[in-house]
Amino acid sequence: MDRRKSASLGALVLQTSVLALTIRYSRTETVEGPRYLTSTAVVTSELVKLVACLYMVFYTSTRKTWEAIREDLFDVKEAVKTAVPSGLYTLQNNLQFIAVSHLDAATFQVTYQLKILTTAVFSVLFLQRQLDSLRWSALVMLTAGVALVQLGSDGGGGGGGGEGGTGGGSTMVGLMAVLIMCLSSGCAGVYFEKILKASTQSLWAKNVQMAVFSVILGLLGVVTNDWQKVQQHGFFQGYNTLTVIIVLQQAFLGLIISLVMKYADNILKGFASALSIIMTSFISYIFLHDLQPSCSFLNGSIIVMGAVLMYNVDRSAQQHTLETIV
C-alpha cells in the first residue's frame, strides 16, 4: 500500500507540474504555420481518456457478465447526471489553455489553488459539510497567499500570447480564466462526489460517461469557435510531438487523480499540491525564464503551500490519536 501511495503521489506531482509547463511552452513558442487549436486538443484528450476508462472497465470487470457491464455503462438515468460535471470540466480544460497562455506557469499553479476555497464553499452549500476553525483559517491564509502572489509576480502575463500564443498576453485575461476554472472545479468536484457516492456504478464507468459527454460538448465548442479554421487546415492542424504529449498528459491526469483518491489520503494530496507548486516554480525560473520571483511572490507561495497542508490535515485522525494517548 505504501508503494502505491508513493507512486500515485509522485505521478500526480509530476503530471500537474509538467502539464502547466508544457502548455505554457506550446502556446508561446514560435511555430511555422498554424498553431494547434486548443478546442481540438481538449476533444482529443477526452477521446484518449474515454478509451483508457473503457479499458479499465473491462479490466476490472473480469468476473462480471457482459449484461452487468452493459447495465453499468448504459444506465441512462445515471448518465444524464454526469452531463453537468462533464460540461464544467470541459469548460475548465479549455480555460486552462487560455490561462497558461497569459500567465507564467508558476503564477497559474499557485493561483489555481483557490479551487480549494471554492470546493469548500460548494461543499458547505450542497453537501452540508461542516468545516472547523483550522480549515477556515487555512482558507483565509490561502486567499492572502494568492493575493501576495498576484502582487509579487513580475510580468505574469507579459510573455504569454493571445489565442494564437504570440506576444501581448494579458494578466487580467489569464487571472479571470483561472478564477472561472476555480469555480467550475469546485462545483464540478462537489457535484460529482455527490452523485458518485449515491450511485452503485463503478468509478471507471462514471468516468466513461463523463468522457462521452465531454467529447460531445467539446465537439460543439470546435464547431462554434474554430470550425472555419478546421475546414481550412484540418482538425489536427499544428499538431506535433509536444501537442501529443499535452493531449496524453491531460487525458491521464484525471486517471492519476482517481488513483490518488483511491490509495492516498488527504495529507498526501496536500503534499502533492505543494510539491507541484515548488517544482513548477523551479522549472519555470531555471529553464523557461518567464518568471522573475519577488519577495512577495515567494512569501505568497510559502503561505499557499502552508494553507494547502493545513486544510488537508486529517483532524479526525489527530483526535483519535489524542484519545488513544489519553
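Residues numbered from 1 in each chain as written. Predicted model: local features only at pLDDT ≥ 70, side-chain atom pairs only at ≥ 80, totals over all residues. Heavy atoms only, no water.

**Student:** Can you help me understand the packing of helix α2 (residues 38-59) against helix α5 (residues 83-102) in this one?
**Tutor:** For any two helices packed against each other, the geometry is given by the interaxial angle and the distance between the axes. Between α2 and α5, whose axes approach to 9 Å, the crossing angle comes to 135°. If you check the angle between α2 and α5, you find them oblique. When you trace α2 past α5, the crossing you get is right-handed. Two secondary-structure elements touch here, α2 through Thr38, Ser39, Ala41, Val42 and Glu46 and α5 through Thr90, Asn93, Asn94 and Phe97. A per-class count over the contact of α2 with α5 returns three nonpolar, five polar and one charged. (Axes fitted to C-alpha atoms, helices over the stretch in contact; angles between N-to-C directions. Helix = DSSP H or I, 4+ residues; strand = E, 2+ residues; numbered from the N terminus. Parallel < 35°, antiparallel > 145°, perpendicular 65-115°, else oblique. Left-handed = near helix turned anticlockwise from the far one by under 90°. Contact = heavy atoms within 4.5 Å. Nonpolar A, V, L, I, M, F, W, Y, C, P; charged D, E, K, R; others polar.)

**Student:** Would you mind showing me how to read the UniProt feature "transmembrane region" (unreviewed entry) in the protein chain here?
**Tutor:** Here, UniProt's "transmembrane region" (unreviewed entry) annotation points to residues 36-58, 134-152, 172-192, 204-222, 242-260, 267-288 and 294-313. Helix makes up 91% of residues 36-58 and strand 0%, with an end-to-end C-alpha separation of 33 Å. For residues 204-222, the end-to-end C-alpha separation is 26 Å, with 100% helix and 0% strand making up the annotated structure. (UniProt positions renumbered as here; feature names shortened; annotations may be inferred.)

**Student:** Teacher, can you tell me more about the side chain of threonine 243 here?
**Tutor:** Along the polypeptide, threonine 243 turns up in helix α11 (residues 241-263). Using a relative accessible area of 2% as the deciding quantity, one classes threonine 243 as buried. Those residues in contact with threonine 243, other than ones at most four positions away along the chain, are Tyr36 and Gly238. (Buried < 20%, exposed > 50% of the residue type's maximum accessible area, 1.4 Å probe, protein only.)

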